[in-house]
Amino acid sequence: MGKTNPGRFFEDYKLGDVIRHAVPRTVAEGERALYHALYPARHALYSSDEFAAACGLEGSPIDDLIAFHVVFGKTVPDVSLNAVANLGYAEGRWLKPVYPGDTLRSESEVIGVKQNSNGKSGVVYVRTRGLNQVGETVLEYVRWVMVRKGDLDAPAPETVLPDLASVVAPADLVIPEGLSFDDYDFDLAGEPHRWGDYEIGEKIDHVDGVTIEEAEHMIATRLWQNTAKVHFDATFREDGQRLIYGGHVISMARALSFNGLANAQMIVALNGGAHANPCFSGDTVKAWSEVLDKAETGAPGVGAIRLRLVAVKQGAPEFAYKGEDGKYLPEVLLDLDYWALMPI
Amino acid sequence: MGKTNPGRFFEDYKLGDVIRHAVPRTVAEGERALYHALYPARHALYSSDEFAAACGLEGSPIDDLIAFHVVFGKTVPDVSLNAVANLGYAEGRWLKPVYPGDTLRSESEVIGVKQNSNGKSGVVYVRTRGLNQVGETVLEYVRWVMVRKGDLDAPAPETVLPDLASVVAPADLVIPEGLSFDDYDFDLAGEPHRWGDYEIGEKIDHVDGVTIEEAEHMIATRLWQNTAKVHFDATFREDGQRLIYGGHVISMARALSFNGLANAQMIVALNGGAHANPCFSGDTVKAWSEVLDKAETGAPGVGAIRLRLVAVKQGAPEFAYKGEDGKYLPEVLLDLDYWALMPI
Amino acid sequence: MGKTNPGRFFEDYKLGDVIRHAVPRTVAEGERALYHALYPARHALYSSDEFAAACGLEGSPIDDLIAFHVVFGKTVPDVSLNAVANLGYAEGRWLKPVYPGDTLRSESEVIGVKQNSNGKSGVVYVRTRGLNQVGETVLEYVRWVMVRKGDLDAPAPETVLPDLASVVAPADLVIPEGLSFDDYDFDLAGEPHRWGDYEIGEKIDHVDGVTIEEAEHMIATRLWQNTAKVHFDATFREDGQRLIYGGHVISMARALSFNGLANAQMIVALNGGAHANPCFSGDTVKAWSEVLDKAETGAPGVGAIRLRLVAVKQGAPEFAYKGEDGKYLPEVLLDLDYWALMPI
């Protein structure tokens, strides 16, 4: 009795609290190989030490989204075990590449709380930081979730809503030290299109699709040590289905976006995101992107491109997004808004 | 003709024989990543080099059960190819941590033989040792199996039954050199419960469940180079089902036990174990533990806890174990008795 | 529009063109672990650094077929995206072992073109080379595919057919520098049969079988960055089936051939090969081999053996191959002709 983790309830989150999440994780070549086996990831900077070195890095970093998933996974037992819904992301920034052998841990600061009017749940805002073995922040993002109250009689806290940027400003993007695309090899990268070839408003259908298997999404989700029951236990939901971790769809869509965005190499900011509809085994995931903005950076040959990445499933109309009612179409799985770095 | 391995039959085992098993194996970061992808493994000592170093080790070892599976897998072609049943384990001890880059091989000594009264099979007892590249024994255990006779006319050998300890005595537990839990970080480990918080007789329901997929158990079983047909070939059994390697259930249950036993970090002894009922793809595995005993050790801050780990499948009543007839309930998959190390 | 890769059509291949394929790839311990998890690979030279060192190598190389798949996968977007059929292989040679940490890239030279009489497609011959980070060719092979024309009005090129050897001559086999089987440990390798024990014409049934899962073939195929839609997207073919990458069947059959050919350690040449029939999830793959030839080499204790490796599926008669009409039986999946190195 009492040894297992009951998770936190809404009333357990106090503004300003910093939660040190368990279990630190050393990430290495094994995680990289598995990532490329689970997703059709082909961005050259994360595939080849030589290519990365030619771009001024010390070697090929661990994929940005591996870093994100590892950091995120640690927060699940403390943040989302009793969550009703994952409501949003903001102000995500990648601050430092993660290399094989680095050890990551996570901590989250409670930056906002608001009890719902029904008195049964509330919204919690946390700013999560991923730290490496020398204490540097490699990644940070804000996430807000709706969490059940454990004790309905617990008093409502004073409402505090954080002031969140709708988009990470180009000036706030952190370019990895030494990065240069001056000697970028477009042949090896796989496509000739450079930053200047993309126009704001341009949409790209990434064409390829992947049908999702139970074994694959579970292998991925466990690798990030995200152990939420709903992803693994077919007896948990009444319909006998295992809900696929939203991050699996993010990685699948990002990898599919290679076909048309092969040179959008590094993700440097997450402006926002919504898991529009649930994804299940047997769904075939496809993706399309829209260029939302472009910006210059101070690094040699490096431009920034702001992209909307939309994952859809079988049956979706071309560039499926929202209906006339402003709601996501039922075939839309993911709507992600991010900044990436690209050769100018 | 005659090139493939027919396996050994009962009459081929001679008391005192030492079988050097094929194929040595270098284990590294890839095996670690796969282990964490196949099981919801979260014990911090095996997840983070930093955490392990803070516990006095040179880095994060390869999981104890990876070492066990690798050593065990090598014995299959020589010991269990013609086995009718895997009857038991005893006197298992982990003697030295295995680190990425170590190369393991196995050898087994025949320590007991007893022909069955039906004259068609017999029981063989072997003591298996796992050795590293410098010849140190990293792991040893006794296992006994029932094996068919190849030649029914072969004379029955003199019956020799080894004298096996029912439990590894606390004094015989080998604590890894340098291990200290004096600076143990309970936040990073994931739970606050220490050795002193567990009482003999206490039972813990580990709550979480994982539904088993064919692809996952085959990936795991192959990784340990256990190539028994029954796990891989759907045409082998009349019912078209692939039997899941018992070690897959062991690892799944051990990983699930994190939730309630996050600080039972290292397995140091295997007192006994039974694969109570077969497990098939589609089964949802859950686990519970019972504290059987506790002991002090000479290492700083390190206590030993003896646990019964029981894996069950969907439909099992709470703490399902044996019926009034003394037999395992049909939902019980595994009954494992082991010693682990925990911060005092 | 225009950002995604449409692939090359028949008329886009010009004799003498050299295509530098995207995306270079650093291969390491993670790829090795995954290979052993996806296939029942047990050849000791690729499993143990110690065993490989005892054979004169600097450590255990990346499996020959990992190198092949990585090199091959890169050619898919440039060579086979609009291919109707993969017609054949010839003159394949492994020139240098690939070690963990090496980075591979590929390039292909167009060495033959022949438009089909229907005017709608043609056959393209390419010689593909895999290069490591210092520019050494580690692997080369010729492959020919039938490719659709994009513009039916494009003029037919002058027909050029390369002069291809039907078998790589023993004198052209490249033995890895330093390789010696003088101190070969047959116990650790798993079988006692040496080069001298095999007779030309001898056939070996490898006995074991593996039932194929969707998750596994997709994980494998993605790992080699082969992103052909037909392997991943269940909505792509009218029958809703995902076609299994032929290389998955090659690796499965080769791994199964351990049982009877455990000492055929290194693949050094690919004389030819045909993917006789498609393979789908649910098929149970088995394999048999025939000794086609034997040759001595200049390396100490090292012989060469030429093998026909045939993969079949459930229902195949013993040593299933071709019918009286000279066509492959419907249960035959693969017919591969290769040279391997074996202790004399």
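Residues numbered from 1 in each chain as written. Chains lettered and ligands numbered in written order. Predicted model: local features only at pLDDT ≥ 70, side-chain atom pairs only at ≥ 80, totals over all residues. Heavy atoms only, no water.

## So, the relation of the copies chain A and chain B
Stage number 1. Here chain A sits on chain B after a turn of 120° about the axis and a move of 0.0 Å along it, with an RMSD of 0.0 Å. Look at the turn and shift together and you get a three-fold axis relating the two. Among all residues of chain A, the one whose C-alpha sits closest to the rotation axis is A:Gly30, at a distance of 2.3 Å.
Stage number 2. In this assembly, only 12% of the residues forming the interface of chain A have copies in chain B that are likewise at the interface, indicating a heterologous arrangement. (Least-squares fit on C-alpha atoms with pLDDT ≥ 70 in both. Contact = heavy atoms within 4.5 Å.)

## Observations concerning the domain arrangement of chain A
All names here are of chain A.
Stage number 1. Entries for chain A in the domain assignment read domain 1 (1–27 + 62–155) and domain 2 (192–344).
Stage number 2. For domain 1 and domain 2, the distance between their C-alpha centroids amounts to 21 Å.
Stage number 3. The interface of domain 1 with domain 2 comprises 21 residues on the first partner and 20 residues on the second.
Stage number 4. Here domain 1 packs against domain 2, burying approximately 1,800 Å² in sum over the two surfaces, 60% of which is carbon and sulfur.
Stage number 5. In terms of surface lost to domain 2, no three residues of domain 1 exceed His-69, Tyr-89 and Trp-94, which account for 34% of the buried area on that side.
Stage number 6. Along the contact surface separating domain 1 from domain 2 lie zero salt bridges.
Stage number 7. Remark: the boundary between domain 1 and domain 2 carries eight residue pairs in polar contact (both at pLDDT 80 or more).
Stage number 8. At the level of secondary structure, the elements contributing two or more residues to the side of domain 1 that touches domain 2 comprise helix H3 (64–80) and strand S3 (83–94).
Stage number 9. Considering each element in turn, the side of domain 1 that touches domain 2 owes the most residues, 10 residues, to H3.
Stage number 10. When the residues that make up the side of domain 1 that touches domain 2 are grouped by side-chain class, the tally is 11 nonpolar, five polar and five charged. (Domains from an automatic or database assignment. Buried area = accessible area lost by both parts, 1.4 Å probe. Salt bridge = Lys/Arg side-chain N within 4 Å of Asp/Glu carboxyl O. Polar contact = N/O pair within 3.5 Å; in protein donor to acceptor, adjacent residues only side chain to side chain. Helix = DSSP H or I, 4+ residues; strand = E, 2+ residues; numbered from the N terminus. Nonpolar A, V, L, I, M, F, W, Y, C, P; charged D, E, K, R; others polar.)

## Details of the pattern of salt bridges
Stage number 1. Per the counting criterion, the structure on display carries 60 salt bridges over all chains.
Stage number 2. Residues joined in a network through salt bridges with shared partners are A:Arg93, A:Glu109, A:Arg129 and A:Glu140.

## Brief notes about the side chain of C:Ser47
Stage number 1. With respect to the helices, strands and loops of the structure, C:Ser47 is situated in the loop between helix H1 (29–38) and helix H2 (49–54).
Stage number 2. Excluding residues within four positions of it along the chain, C:Ser47 makes contact with B:Val23, B:Pro24, B:Arg25, B:Thr26, B:Gln225, C:His36 and C:Ser60.

## Looking at the interface of chain A and chain C
Stage number 1. Listed per partner, the contact involves 49 residues of chain A and 34 residues of chain C.
Stage number 2. Buried surface at the junction of chain A and chain C, both sides included, amounts to about 3,200 Å², of which 56% is carbon and sulfur.
Stage number 3. There are seven salt bridges connecting chain A and chain C.
Stage number 4. When the shortest N-O distance is used, the salt bridge between A:Lys286 and C:Asp233 registers 3.8 Å.
Stage number 5. Here chain A is connected to chain C by 20 residue pairs in polar contact (both at pLDDT 80 or more).
Stage number 6. Classifying every residue of the side of chain A that touches chain C by side-chain character gives 19 nonpolar, 14 polar and 16 charged.

## So, the packing of aromatic side chains
Stage number 1. Going through the model one piece at a time under the given rule, you end up with 48 aromatic pairs over all chains.
Stage number 2. Considering the side-chain rings of B:Trp288 and B:Tyr321, the 5.9 Å spacing of their centres and the 80° angle between planes classify their relative orientation as edge-to-face. Note that B:Trp288 is positioned in strand S10 (residues 284–296) and B:Tyr321 in the loop between strand S11 (302–313) and strand S12 (332–343), a separation of 33 residues in sequence. There is no split in this pair, since B:Trp288 and B:Tyr321 are both buried.
Stage number 3. Consider the rings of C:Tyr125 and C:Trp144, whose centres lie 5.5 Å apart with planes at 25°: the pair is stacked. Residue C:Tyr125 is located in strand S5 (residues 121–131), and its partner C:Trp144 is located in strand S6 (residues 137–148); the two are separated by 19 residues in the primary sequence.
Stage number 4. On the accessibility criterion, C:Tyr125 (13% relative accessible area) is buried.
Stage number 5. Note that C:Lys3 overlies the ring of A:Tyr198, its terminal NZ or CZ placed 4.5 Å from the centroid. (Phe/Tyr/Trp six-rings, centres within 6.5 Å; stacked < 30°, edge-to-face > 60°. Buried < 20%, exposed > 50% of the residue type's maximum accessible area, 1.4 Å probe, protein only. Lys NZ or Arg CZ within 6 Å of the ring centre and 35° of its normal.)

## Section: the interface of chain A and chain B
Stage number 1. Between chain A and chain B, the contact holds 34 residues from the first and 48 residues from the second.
Stage number 2. Between chain A and chain B, a total of about 3,200 Å² is buried, with carbon and sulfur atoms accounting for 56% of that surface.
Stage number 3. Per-residue buried area on chain A facing chain B is highest for A:Lys3, A:Arg20 and A:Arg222; these three make up 23% of the total on that side.
Stage number 4. Where chain A meets chain B, there are seven salt bridges.
Stage number 5. Viewed at the interface, chain B and chain A are joined by 20 residue pairs in polar contact (both at pLDDT 80 or more).
Stage number 6. Mapped onto the side of chain A that touches chain B, the elements with two or more residues apiece are strand S2 (25–26), helix H1 (29–38), strand S4 (103–115) and helix H5 (214–223) of chain A.

## A few points about helix H6 (residues 246–256) of chain B
Stage number 1. For H6(B), the tally of buried residues reaches 11 of 11 residues, placing the bulk of the element in the interior.
Stage number 2. The set of residues buried in H6(B) consists of B:Gly246, B:Gly247, B:His248, B:Val249, B:Ile250, B:Ser251, B:Met252, B:Ala253, B:Arg254, B:Ala255 and B:Leu256.

## Observations concerning the pairing of strand S4 (residues 103–115) of chain B
Residue and element names in this part refer to chain B.
Stage number 1. Most of S4 sits out of view: 10 of its 13 residues are buried.
Stage number 2. For strand S2 (residues 25–26) and S4, the ladder comprises two bridges, and the chain directions are antiparallel. By the bridge assignment for S4, Arg-25 is matched with Leu-104.
Stage number 3. Here S4 pairs with strand S5 (residues 121–131) via 10 bridges, running antiparallel. Across the sheet, residue Ser-108 finds its bridge partner in S5, namely Thr-128.
Stage number 4. What sits between S4 and S5 in their antiparallel hairpin is a turn of five residues, with Gly-119 showing a positive phi close to 75°. (Pairing = 2+ DSSP bridges.)

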